[in-house]
Amino acid sequence: MSEHRGASVTITACPDGPLLVRGDVELLDDAGNPIPRNRRTMALCRCGVSAIKPFCDGTHKLSGFRAD
């Protein structure tokens, strides 16, 4: 992971949807291997039913996922 002083990272929980991660972060799988980023903003699944985990595919809308 690159380190930048003053670089801003934000994580925003979308109502009844994914976590939006913005900024210079490295996402790792359960074995500690980097997961390639294809976009500057990552939408991470919170509902557990995405077919492209850890990323969101919009399935939360069909599954009725709700979060505070």
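Per an unreviewed UniProt entry, the recorded name for the chain is CDGSH iron-sulfur domain-containing protein, and the organism is Microbacterium plantarum.

J.: Would you mind going over the overall build of the chain with me for this structure?
T.: Secondary structure assignment for the chain yields 1 helix and 3 strands. Listing every helix and strand of the chain by position from the N terminus yields β-β-β-α. By the burial criterion, 18% of the 68 residues in the chain qualify as buried. Surface accessibility of the chain: about 5,100 Å² in total, with carbon and sulfur atoms responsible for 51%. Of the side-chain charges in the chain, 9 are positive and 8 negative, and the distance between the mean point of each set is 8 Å.

J.: Just to check I follow, could you spell out the UniProt feature "domain: Iron-binding zinc finger CDGSH type" (unreviewed entry) in the chain for this structure?
T.: Residues annotated by UniProt as "domain: Iron-binding zinc finger CDGSH type" (unreviewed entry) correspond here to residues 21-66. The distance from the first to the last C-alpha atom of residues 21-66 is 19 Å, and the span holds 9% helix and 13% strand.

J.: Sorry if this is basic, but what is going on with the sheet that holds strand 2 (residues 19-22) here?
T.: Sheet strands pair by backbone hydrogen bonding; their relative direction is either parallel or antiparallel. Pairing within the open sheet is antiparallel, and its 3 strands lie in the order 1-2-3. Each edge of the sheet is formed by a strand with only one pairing partner; in this case those strands are strand 1 (10-13) and strand 3 (41-44). Across the sheet, the axes of successive neighbouring strands diverge by a mean angle of 20°, strand direction being ignored. As paired strands, strand 2 and strand 3 are joined by 4 bridges and run antiparallel to one another. Among the inter-strand pairings, Val-21 is bridged to a residue of strand 3, identified as Met-42.

J.: Help me understand the pattern of salt bridges, please; the structure alone is not making it clear to me.
T.: For side chains of opposite charge, pairing can occur when their charged atoms come near one another. The final tally for this structure, using the stated rule, is 1 salt bridge. Its salt-bridge partner being Arg-66, residue Asp-16 comes within 3.8 Å of it at the nearest N-O pair. With Asp-16 in the loop between strand 1 and strand 2 and Arg-66 in the segment after helix 1 (60-63), the pair connects residues that are 50 residues apart, well separated along the chain.

Scoring rules and cut-offs
- Residues numbered from 1 in each chain as written.
- Predicted model: local features only at pLDDT ≥ 70, side-chain atom pairs only at ≥ 80, totals over all residues.
- Heavy atoms only, no water.
- Helix = DSSP H or I, 4+ residues; strand = E, 2+ residues; numbered from the N terminus.
- Buried < 20%, exposed > 50% of the residue type's maximum accessible area, 1.4 Å probe, protein only.
- Areas by Shrake-Rupley, 256 points an atom, 1.4 Å probe, with all protein chains shown as cover.
- Lys, Arg positive; Asp, Glu negative; His and termini not counted.
- Charge placed at Lys NZ, Arg CZ, Asp CG, Glu CD.
- UniProt positions renumbered as here; feature names shortened; annotations may be inferred.
- Pairing = 2+ DSSP bridges.
- Axes fitted to C-alpha atoms, helices over the stretch in contact; angles between N-to-C directions.
- Salt bridge = Lys/Arg side-chain N within 4 Å of Asp/Glu carboxyl O.

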